[in-house]
Amino acid sequence: MKKRKIIGLLLYFCLAIGLLYGCKSYSETTSRDKSTHTAIEINNEDNDSEDIEKSQDDDRVTLTLVEKDFMPSDPDDLEYIDEINSALSKNGIKAKLELVQLPQGSYSEKLDELIADGNIPDIMWFRDEIDKKYVEQGMLVDLTDYINDSKVLGKAMEEYNKSRIDSYPYLLRIRYNTPKIAVVRKDWLDELELPIPETVQDYYTVLSAFANSDFDHNGEKDTYGVTVTGDTDRLDDIFNAAFSMPTTWIKDETGKYIYSKVSWCEKEKLAFYRKLVEEKILDPDYAVTKWDSMEEKLYTGKVGMVIGSAGKVIEIYNTKLRNAGVETDLIPLDPPIGNSGNGLAPVDVTREDKGFAISTQSEHKDLAFRVLEFMASDEGQLLDRLGIQGRDYTTDNNGNITRTKKGEEWYARFFDVPSWESPIPLLSDIAQESLNIASKYYTEDINFEIPKEYSTNWDEMTSLYKEYSYKIINGEIDIEKFDEFVEKWYKAGGEEITELAQEKLK
C-alpha cells in the first residue's frame, strides 16, 4: 500500500509539472500573437531564443511612403498597406509601410510643403520634375548600385527603364510603354457607315463627320470630333510623326539637327490644327478642358474621339462609357499615316519623369530599396497587380482565379512589370489591343536633357512656342507669323541650344 502511495505521488507531481509547462507555453504563444508594437524586454543576455520571444512586429522598421492617390484616409488603401506589410514579413523583410497623408490640392505642391517642413518620407513618389531640385541638394539616393546588384530588377526592368536610370539614377518606375493613342466610339462610326481611319485625311473625314452630326440629339451644333486637355500635346502625340516629326530633334536637308517645333513640319501641322478649329471639329473649349471633363464629353455624346494612355486608361474609358449606359465600345486606332509615315510619341530615355525615390536622410535606405525590389518581384507583382484576395479576386478549390467587380477597377500602386506572367488576363481585349498598338510603334526619342545653365532661356523659348502656337491655332494671328516665332526662338537662346544638340546627339 505504501509503495502504491509513493507511485501515486510521483505520478501526481509529473502531471502537475506537465500542466504547468503546458500552461506556460500556451501563455507565451498567446502573448506573442496578441502583442502590441511595444517591444518585449528580455533581461537574460545569454538567451539564444531572444528573437522567438519577440512579436514578429516588434523588430520591424516603419518606413514612411508618400504617393499620389494612395492615402491613409482611404480604408481600401489602408487595407492594402496591411496586406503588403504582411507579405513583407512573410518574406523576411523587416519593414512595414506607413502612408503619409497630404492635404488636398496639387500633389507636387503639397509634397514640396511637406519636405520644406522637414517631414521627409523614406520613400517618395515624384512627378512634375520637382525631384530635380532635391537631386541638386543631395536629398535623393543614387539607385545605380542597388539596381545593378538586384537580380529582381535586372529581370523586371525594360531597356528604356535601364537607359533612364543610366541617365538619371534617382527615380524608379517600371511599367509598360503607354503612349497616348486615339480611340473612337464604335457606334458613331457604325451610324455614319465610316471605315476605321488610317491616314491624316481619313482622320479629318471622320472627325468632320462627327462634328457635323447631332449625336446628343439636342438639335444644336455642339458636337465635336475631338477634344483634348488644355493644349494640343495629346494631338501632337498622334500627329507629329505623320507631319515628319517622329522625334524631338530631327535632321534638316543638310543633316543638321533642328528642334522639331521650329521646323517647317511644325508650321504645316499648326495649319492643320487651325483648320480643325475653324471648322469646329476640335472642341473650342479644349484650352480649358481638364481630363475629367474630357472624359465626360466622350461619355455624354459631345465628342467622338479622345486621346489617352494605352492600356489600363483606355480600359477605364471603355468601362465608364458602358457604365454610362452606352451600348458600344471604343476602337483603339493606329496613328494617322502622313507623307513620312506614322508613329506615336517616341519614348524619352533621358530620365524618368515620374517614379519612386529614396531619401538620403532615411536611416533605412537599404530596407527601403528592399521594399521596392519586393514589389517588382513575382510575389510582389501578384499582390500589386491583382490586389487583395477575397476583396479584389477569389480563388476556388482548383486554384482558379476570378476577379470581383471591385477588382476590375484595381490598378497597381507600385509597378507594372511587363515581363511578369499573370495567372489571369488583367486587361480587356480593347486595352490589350491598345498596348499592342503601342508596342508596334515603339521608338526611342532623339533628345537630351537641357543643362541647368540654359534653363532660363529654355523656359523663355518654350513660352514663345506656347504663345505663338496657341494664337495661330485659334486664328488670332496669321500662320505666317510662325516665321517670326522661329526668328525670336533662335535669338532667345535657340542658336546655342541647337549647337549643343549637334554635340549631344552625335
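Every chain's residues receive numbers from 1 upward, in the order its sequence appears when written. Selection of residues for local features in this predicted model requires a pLDDT of at least 70, selection of side-chain atom pairs for listing and counting requires 80 or more, and totals for whole chains, interfaces and linings are taken over all residues. Values reported for side chains reflect all heavy atoms of the structure, with hydrogen atoms and water molecules removed beforehand.

Undergrad: Account for the overall build of the chain, with residues named and values stated.
TA: Segments assigned H or I by DSSP are reported as helices when at least four residues long, segments assigned E as strands when at least two residues long, and all are numbered from the N terminus. A count of helices and strands for the chain gives 19 helices and 12 strands. In the chain, buried positions account for 46% of the 506 residues. Taking as baseline every contact in the chain between residues at least 6 positions apart, the subset at least 24 positions apart corresponds to 74%. Three exposure classes are used, based on accessible area relative to the maximum for each residue type with a 1.4 Å probe and protein chains only: buried under 20%, partly exposed in between, and exposed over 50%. Contacts are assigned to residue pairs that have any heavy atoms within 4.5 Å of one another.

Undergrad: Describe the sheet that holds strand E9 (residues 330-332), naming the residues involved and giving the relevant values.
TA: As summarised here, the arrangement of the 4 strands in space is E5-E8-E4-E9, forming an open sheet in which the pairing is mixed. In the strand order of this sheet, the two ends are held by strand E5 (224-226) and E9, each with one partner. Pairs of neighbouring strands in the sheet enclose a mean axial angle of 25°, with direction left out of account. In short, DSSP must find at least two bridges between two strands for them to pair. Where strand E4 (residues 180-185) and strand E8 (residues 303-309) come together, 5 bridges link them in antiparallel fashion. Residue pairing for E8: Lys180 is matched across the bridge by Ser309. Only C-alpha atoms enter the line fits that serve as axes; for helices the fit covers just the stretch in contact. Angles between N-to-C directions range over 0 to 180 degrees. Packed on one face of the sheet, helix H13 (residues 291-299) meets E4, E8 and E9 and runs near 140° to E8.

Undergrad: Go over the nonpolar core, please, and point to the residues and values.
TA: We define a nonpolar core as any set of buried Ala, Val, Leu, Ile, Met, Phe, Trp, Tyr and Cys residues linked to one another through side-chain atoms lying within 4.5 Å. Ranked by size, the top nonpolar core spans 78 residues in total, and within it Phe239, Met305 and Phe485 carry the most contacts. In terms of residue count, the dominant contributor to this core is helix H19 (residues 481-504) (8 residues). With near-sequence residues (within four places) excluded, Phe485 lies in contact with Lys261, Val262, Leu464, Tyr465 and Tyr468.

Undergrad: Give me unusual backbone geometry: which residues, what numbers.
TA: Apart from glycine, the bulk of residues carry a negative phi angle, and the bulk of peptide bonds sit in the trans form. With phi around 60°, Asp69 is a residue other than glycine that occupies positive phi space. In this structure, Asp69 sits in the loop between strand E1 (61-66) and helix H3 (75-90). On the accessibility criterion, Asp69 (48% relative accessible area) is partly exposed. Residue Glu129 is not a glycine yet carries a positive backbone phi of 65°. Inspection of the secondary structure puts Glu129 in the loop between strand E3 (123-126) and helix H5 (131-136).

Undergrad: Can you tell me about the side chain of Thr289, naming the residues and giving the values?
TA: In this structure, Thr289 sits in the loop between helix H12 (264-278) and H13. Here a polar contact means two N or O atoms within 3.5 Å. Within protein one must be a hydrogen donor candidate and the other an acceptor candidate, and residues neighboring in sequence count only if both atoms are side-chain atoms. Of the polar contacts made by the side chain of Thr289, one reaches the side chain of Lys297; its length is 3.3 Å. Apart from the residues within four sequence positions on either side, Thr289 is in contact with Thr227, Val228, Thr229, Gly230, Asp283, Met294 and Lys297.

Undergrad: Summarise the environment of Lys186; cite the residues concerned and give the values.
TA: Of note, Lys186 is situated in helix H9 (residues 186-192). Along the chain, Lys186 and Asp329 lie 143 residues apart, while their C-alpha atoms are 5.8 Å from each other. Residues contacting Lys186, with those up to four places away along its chain left out, are Thr328, Asp329 and Ile331. Among the polar contacts listed, one links the side chain of Lys186 to the side chain of Asp190, at a separation of 2.7 Å.

Undergrad: So, the pairing of strand E2 (residues 95-99): which residues are in play, and what are the values?
TA: Within E2, 4 of the 5 residues are buried, leaving the element largely enclosed by the surrounding structure. Where E1 lies against E2, 5 bridges are found, and the strand directions are parallel. What sits directly across from Thr62, in E2, is Lys96.

Undergrad: Give a detailed account of the pattern of salt bridges, specifying residues and quantitative values.
TA: Salt-bridge detection follows one rule: a side-chain nitrogen of Lys or Arg within 4 Å of a carboxyl oxygen of Asp or Glu. Counted by the stated rule, this structure contains 38 salt bridges. When the shortest N-O distance is used, the salt bridge between Glu480 and Lys267 registers 2.9 Å. One end of the pair, Glu480, is in the loop between helix H18 (455-473) and H19; the other, Lys267, is in helix H12, with 213 residues separating them in the sequence. A residue is classified by how much of its surface remains accessible, and Lys267, at 19% relative accessible area, is buried. Among the salt bridges present, the one from Glu484 reaches Lys481, with a minimum N-O distance of 3.3 Å. Taken together, the residues Glu484 and Lys481, both in helix H19 and 3 residues apart, mark about one turn of the helix. A residue is classified by how much of its surface remains accessible, and Glu484, at 31% relative accessible area, is partly exposed.

Undergrad: Residue-level account of the packing of aromatic side chains, with values.
TA: Only centres within 6.5 Å qualify two rings of Phe, Tyr or Trp (six-membered ring in Trp) as a pair; their planes then separate them into stacked at under 30 degrees, edge-to-face at over 60, and tilted for everything else. Within the structure shown, the criterion is met by 27 aromatic pairs. Relative to Phe369, the ring of Tyr146 lies with its centre 4.8 Å away and its plane at 25°, an arrangement referred to as stacked. Of this pair, Tyr146 sits in helix H6 (residues 144-148) while Phe369 is found in helix H15 (residues 365-376), placing the two residues 223 residues apart along the sequence. Between Tyr259 and Trp489, the aromatic rings sit 5.4 Å apart at their centres with planes inclined by 5°, giving stacked as the arrangement. Here Trp489 lies in helix H19 and Tyr259 lies in strand E7 (residues 257-259), a separation of 230 residues in the sequence. Taking relative accessible area as the criterion, Tyr259 reaches 10% and is therefore assigned buried. A relative accessible area of 1% places Trp489 in the buried class. Aromatic rings pair up to connect Phe70, Tyr80, Trp125, Phe356, Trp410, Phe414 and Phe415 into one cluster. Our definition puts a charge over a ring when NZ of Lys or CZ of Arg is within 6 Å of the ring centre and also within 35 degrees of the ring normal. One Lys or Arg, Arg413, reaches over the ring of Tyr411 and ends 3.9 Å from the middle of that ring.

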